[in-house]
Amino acid sequence: MSLPPTFKAAVVETAGKSKLYDPSLQQEVPVKFELKDIPLKKPTYGYVLVKVIASGVCGSDVHVLNGAVGSQFPHVAGHEIIGEIAAIPETEDHWQIGDRVGGGWHGGHCHFCKYCKRGEFLLCEKEAVNGVSMWGGLAEYVLLRREAVVSVPKDVDPASYAPILCAGVTVFNSLRNMHIRHGGLVAVAGVGGLGHLAVQYARKMGYKVVAIARDPAKRDEALKFGASAYFDRTHNAAEELKKLGGADCIVLTANNGNLVSQLQPGLARGGTFLTVAIAGNATFDTVPAVVQKQAFRGWPCGSAIDSEDAIDFAKNFGVECAIQKYSLDQIQEAYDSVDQGKARYRNVIVFQ
Ligand SMILES: [Zn+2]
Ligand SMILES: [Zn+2]
């Protein structure tokens with residue numbers, strides 16, 4: 001594979017300024033992308049160079065590109081990457097040129113901190129994050145750290161599987177670690193990018209699933225994704241959950257912390273309130289937490305093997321990510337639709 005001297009990247013020169021992060025702002029500054037030609041560097045020890053085939057735009061990119069998670073600018077975001085290895089350093093003894101691979105949120109770990117020594121790579125004190133601490137996949141080429149590279153089968157569609165590298169693995173990996181009894185009730189709050197995958201994964205894992213949202217237009221789609229019921233969150237969804245005996249797990253996928261206190265009464269005894277959404281402060285009542293042994297917890301995403309499992313599960317059990325495809329030229333449009341909550345359900349940049 002011959003390498004070009006430069007590659008196109010969707011560069012954001014300076015962080016946007018949003019009232020979401022600073023309510024006192026007089027003037028918001030929107031995130032603006034510029035397509036730039038960047039000199040292509042060969043990978044050094046510990047890295048592989050990937051030619052990107054498809055790259056998802058995630059809700060987290062809004063946080064990243066508004067400077068909320070400490071990225072250095074100019075910056076290239078993107079952490080839902082599928083591509084092919086285009087170059088490796090001489091030291092590389094595992095990955096080969098031509099391998100189909102992916103890069104998710106988890107972009108690398110140190111192997112030596114106490115969390116890494118315990119195998120808890122997601123908790124690494126020096127965790128690298130693709131498209132956050134490193135430049136990401138909204139570009140024709142990306143450098144990925146070898147220990148976090150995800151092996152992707154060549155017979156899955158790169159565009160519809162790219163979002164599995166973040167949205168998919170986040171809901172899959174969190175749900176499979178909640179120890180919910182088979183046949184239990186999982187309530188998914190929010191039917192968007194994360195939520196539509198959570199409904200499908202939970203259903204295919206063998207749980208009864210109800211979806212909770214506020215847009216009546218989502219009802220039919222939620223049922224199609226595998227929910228057995230849809231509750232409007234503005235019509236006391238917690239009461240509806242109680243009528244079903246309470247949810248063994250409520251999964252918050254909507255960026256609305258108020259839903260925690262609203263929905264907690266719908267949690268079953270011994271149930272877990274799981275958030276995979278960055279939803280600000282929330283109130284979780286300690287009385288039922290103690291008396292009814294309820295738990296509140298979050299979950300970040302997954303390491304390489306978790307992403308490989310999430311892809312394998314999706315392929316074998318028919319979890320399908322609903323996507324809209326864009327070209328790199330259309331990155332601004334693709335991002336703005338995510339920022340405005342209009343994506344149905346994930347936007348993916350597809351490269352030629
Ligand atoms: Zn993400
Ligand atoms: Zn570490």
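Attention in this report is confined to the structure presented alongside it. (Residues numbered from 1 in each chain as written. Chains lettered and ligands numbered in written order. Predicted model: local features only at pLDDT ≥ 70, side-chain atom pairs only at ≥ 80, totals over all residues. Heavy atoms only, no water.)

### Overview of the coordination of the zinc ion (ligand 1)
Every protein donor of the zinc ion (ligand 1) is accounted for by Cys58 (SG), His79 (NE2) and Cys166 (SG), and the metal-donor separations fall at 2.0 to 2.2 Å. Here the donor residues of the zinc ion (ligand 1) are spaced in sequence according to C-x20-H-x86-C. Residue Cys58 is found in the loop between strand E3 (47-57) and helix H1 (60-65), and its partner His79 is found in the loop between H1 and strand E4 (81-87); the two are separated by 21 residues along the sequence. Residue Cys58 is classed as buried on the basis of its relative accessible area, which comes to 5%. (Donors = N, O, S within 2.8 Å, 3.2 Å for Na, K, Ca; no water. Helix = DSSP H or I, 4+ residues; strand = E, 2+ residues; numbered from the N terminus. Buried < 20%, exposed > 50% of the residue type's maximum accessible area, 1.4 Å probe, protein only.)

### Some words on the coordination of the zinc ion (ligand 2)
Donor atoms from the polypeptide that bind the zinc ion (ligand 2) are Cys110 (SG), Cys113 (SG), Cys116 (SG) and Cys124 (SG), placed at 2.3 to 2.4 Å. The coordination sphere of the zinc ion (ligand 2) comprises four donor atoms, whose angles at the metal cover 101 to 116 degrees; the geometry is tetrahedral. Positions of the donor residues of the zinc ion (ligand 2) along the chain correspond to the pattern C-x2-C-x2-C-x7-C. The buried category is assigned to Cys116, whose relative accessible area is 5%. (Tetrahedral: all angles 85-135°; square planar, octahedral: opposite > 155°, others 65-115°.)

### Concerning the pairing of strand E16 (residues 323-326)
It is a general feature of regular strands that their side chains alternate between the two faces of the sheet. Across four bridges, E16 lies against strand E17 (residues 346-350) in parallel orientation. Counted as the bridge partner of Tyr326 is Ile349 from E17. Assessed by its sense of winding, the connection that carries the chain from E16 through helix H11 (residues 331-339) to E17 is right-handed. (Pairing = 2+ DSSP bridges. Right-handed = clockwise from strand over helix to strand, strands pointing away.)

### Some points on unusual backbone geometry
Across the junction of Phe73 and Pro74, the peptide omega takes the value 0 degrees, indicating a cis bond. Here Arg344 and Tyr345 are connected by a cis peptide whose omega angle stands at -10 degrees. Inspection of the secondary structure puts Tyr345 in the loop between H11 and E17. With a phi close to 50 degrees, Asn236 is a non-glycine residue in the positive phi region. Exposure remark for Asn236: the relative accessible area of 45% places this residue in the partly exposed category. One non-glycine residue with positive phi stands out, namely Lys293, at about 50 degrees. Along the polypeptide, Lys293 turns up in the loop between helix H9 (286-291) and strand E15 (295-298).

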